[in-house]
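Descriptive analysis of the structure
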There are 2 protein chains.
Amino acid sequence: MIETNLLAQFVAFAKAGTLTRAAQDLHTSQPALTRSMKKLEEELEVPLFVRHKNHLELTQTGRYAVYYAQRVLQENQDFCDRIRSYDRSLHTLSIGYCAPVPQMVLTPLLNGIFQGMTLSADMKDDVSFPEGLRRQTYQLAVMHARPDGDEFFVKKCGSEKLYLSVRASDPLAFYPEVRLQDLDGRAILLFSHIGFWMKMTREKTPHARYLLQVQRDAFHELTEHSDYPCFSSSYFLGQGQKIPGRINISLADPECQTDYYLVCLKSEQKRYEKLFQQIDDRTIY
Amino acid sequence: MIETNLLAQFVAFAKAGTLTRAAQDLHTSQPALTRSMKKLEEELEVPLFVRHKNHLELTQTGRYAVYYAQRVLQENQDFCDRIRSYDRSLHTLSIGYCAPVPQMVLTPLLNGIFQGMTLSADMKDDVSFPEGLRRQTYQLAVMHARPDGDEFFVKKCGSEKLYLSVRASDPLAFYPEVRLQDLDGRAILLFSHIGFWMKMTREKTPHARYLLQVQRDAFHELTEHSDYPCFSSSYFLGQGQKIPGRINISLADPECQTDYYLVCLKSEQKRYEKLFQQIDDRTIY
DNA sequence: TAACATTACGTTAGCCGTAACGATA
DNA sequence: TATCGTTACGGCTAACGTAATGTTA
């Protein structure tokens, strides 16, 4: 068995060509390398160098050894990466959310049940979630449709309905309900991290100009102090979070009403038992 | 990068179950292991152990790490073996001999040309020699027939003729020449390391009882002080090595007269140029 | 009480860097 | 003369083993 240290120095020499330059690369002294290379030869009991008076050269065996030394080092590095990554995976729960409200509702629950774990949330359209669950990129996912596939355990965890939020002075303010197409062509305030809602509203209002807000603060600022229409939802309204000076109009499109489903792999179902127990089909509303 | 040392200790602990027993296995002290395992965790920045008051246990990550640590160690060990074996192969010349006389004749030549090299000789029937040369099990071979195949470089290096050596009192002593079948059914002294001759003589005299001698001394002792017939050859007779009190009768079978061919791979021909220059088709006689 | 892990402590082997040396182009 | 490798030397770290401590079955 050869110490990793010696192998790394050996490879460094092979790459640098001289001990002096290898020493610079490794931030060590050059006599240290001389000694290490001697030790390496001693431990292998194989001559790896031809020592000219003024120059160190690899023997045929030495050149042969370089490749395999690199393999050993690579294996060592892979080991480190692998262990670290495995350990991290044990302590992080990656969850795919198709919309922000499920994240807001579930995060406190998850923090309670999986204490000490890091929660890693991914917010986007849920088409890639089944594949992500299969590859263990996600341990859990909240989708707005039941995924196909025998390998998934699914439980409905709530629903959400979208509302239009406008000033009383807005032309649409007089209607008891509106459709998304009524907004087409207008400028609309939109918070950017809203998962599948983004895709859906864009498709329904191809001519609208969306004023995307990445920062939550900026979004709230604008909803309160501008006249642009924006969206609200049953969740916020249920919590009494109405925006002052605005009224909320029901959106009649069927796409503006969705159910949410919490999904995991059946093989992992046991691990999330408590979570599934703590939710019912009206957890998110 | 983790030092090989630490990985070996880690695996030893995993196998032994306790630090104390691992320390015994590794012929080191137990506090040394405690410290090493701490260091391993520190360098990986991953907890590998759950420390009970009185007992050290692997975490899930720890158990996961054992397998991969073993792989790294295996790769390291393979590296050592590989380099040593490669270096040895560079300094040893493996030669297949189909008969002992070629070895006796060529060995001094080889020692002169390939000074510092280890000569490794294999004496046996030459059917496996072409395959051995291809696989580089042999670098050179002396055969009693030209091998098939474009990949070989072949040069005739001599011939040898077998004689029967008997006492003057032997019933066969009066014949000017004999055949092997004349010996069938009798007891015959035979030195055991004689390559293809063994197979040939056995086939021609299926009912003979061969008194096999592994030791050369014992063989000579018996040839000089017993009445059993034995074989001699043109080589020994040409050197004046007659056995006192015996006469040598020509063996008339065509199989008792053979040519020898020195063979190497064409791809290696350059390396053995000097050797081929120094032999001619009567080198062995 | 026996087995085990950790901590404390004094010792030392081994590694490091500086400096000196020898050789080369 | 500048570059390179080896050797010598002194200093110091880091690893070791013994012994003591604390815990458990």
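Everything numeric here is computed off the predicted structure, so don't read it as measured data.

**Re the nonpolar core**
- Judged by nonpolar contacts, the single largest core of 60 residues is most densely connected at L110, L140, L164, F231, Y260 and L262 of chain B.
- Among the domains, domain 2 (88-158 + 259-278) and domain 3 (160-257) of chain B are the pair contributing at least three residues each to this core.

**Details of unusual backbone geometry**
All names here are of chain B.
- At E45, a position not held by glycine, the phi torsion is positive, near 55 degrees.
- Of note, E45 is situated in the loop between α3 (30-44) and β1 (49-51).
- Among the residues examined, E45 registers a relative accessible area of 64% and is labelled exposed.
- The backbone of Q136 sits at a positive phi, close to 65 degrees, despite the residue not being glycine.
- In this structure, Q136 sits in the loop between α6 (129-134) and β5 (140-143).

**Things to note about the interface of chain B and chain A**
- Each side of the interface is counted separately: chain B has 32 residues, and chain A has 32 residues.
- Interface of chain B and chain A: buried area, both sides summed, is about 3,400 Å²; carbon and sulfur atoms make up 64% of it.
- Linking chain B with chain A are two salt bridges.
- Inspection of the chain B/chain A interface yields 21 residue pairs in polar contact (both at pLDDT 80 or more).
- Secondary structure elements with two or more residues in the side of chain B that touches chain A: α1 (4-16), α3 and α4 (60-91) of chain B.
- By residue number, the principal contributor to the side of chain B that touches chain A is α4 of chain B, which donates 20 residues.

**Some remarks on the domain arrangement of chain A**
- As assigned here, chain A comprises domain 1 (4-86), domain 2 (88-158 + 259-278) and domain 3 (160-257).
- Centre-to-centre, using C-alpha coordinates, domain 1 of chain A lies 47 Å away from domain 2 of chain A.

**Quick look at the pattern of salt bridges**
All names here are of chain A.
- Overall, the coordinates contain 24 salt bridges over all chains when judged by the stated rule.
- For the salt bridge of R186 with D170, the shortest nitrogen-to-oxygen distance reads 2.6 Å. Of the two residues, R186 sits in the loop between β7 (177-178) and β8 (187-191) while D170 sits in the loop between β6 (152-167) and β7, which places them 16 residues apart along the sequence.
- The class of D170 is buried, set by a relative accessible area of 5%.

**Focus: the relation of the copies chain B and chain A**
- After a rotation of 178 degrees and a shift along the axis of 0.2 Å, chain B superposes on chain A with an RMSD of 0.5 Å. Taken together, these values place the two copies in the relation of a two-fold axis.
- Mapped onto chain A, 100% of the interface residues of chain B again fall at the interface, so both copies present the same surface.

**So, empty space enclosed by the protein**
- According to the stated counting rule, one finds one cavity of 30 Å³ or more in the structure shown.
- Lining the largest cavity are T4, L7, V72, L73 and N76 of chain A together with T4, V72 and N76 of chain B.
- Only α1 (4-16) and α4 (60-91) of chain A together with α4 of chain B provide two or more residues apiece to the lining of the largest cavity.
- For the lining of the largest cavity, the element with the highest residue contribution is α4 of chain A, accounting for three residues.

**Comments concerning the protein's contact with DNA strand D**
- Every one of the 20 residues lining DNA strand D counts as a neighbour, but T20, Q30, K38, R51 and N54 of chain A are closest to it.
- In this structure, a phosphate oxygen belonging to DNA strand D sits 2.7 Å away from a side-chain N or O atom of R51 of chain A.
- Measuring from a phosphate oxygen of DNA strand D, one finds a side-chain N or O atom of T28 of chain B at 3.1 Å.
- Contributions of two or more residues to the surface near DNA strand D are made by α2 (19-26) and α3 (30-44) of chain A together with α3 of chain B.

Reading the values: rules and limits
- Residues numbered from 1 in each chain as written.
- Chains lettered and ligands numbered in written order.
- Predicted model: local features only at pLDDT ≥ 70, side-chain atom pairs only at ≥ 80, totals over all residues.
- Heavy atoms only, no water.
- Core = buried A, V, L, I, M, F, W, Y, C linked by side-chain atoms within 4.5 Å.
- Buried < 20%, exposed > 50% of the residue type's maximum accessible area, 1.4 Å probe, protein only.
- Domains from an automatic or database assignment.
- Helix = DSSP H or I, 4+ residues; strand = E, 2+ residues; numbered from the N terminus.
- Contact = heavy atoms within 4.5 Å.
- Buried area = accessible area lost by both parts, 1.4 Å probe.
- Salt bridge = Lys/Arg side-chain N within 4 Å of Asp/Glu carboxyl O.
- Polar contact = N/O pair within 3.5 Å; in protein donor to acceptor, adjacent residues only side chain to side chain.
- Least-squares fit on C-alpha atoms with pLDDT ≥ 70 in both.
- 1 Å grid on protein atoms, 1.4 Å probe; cavity = no way out; pocket = protein on both sides within 12 Å on 5 of 7 lines; lining within 4 Å.
- Points joined across faces, edges and corners; volume = space filled by probe spheres on them.
- Near = heavy atom within 4 Å.

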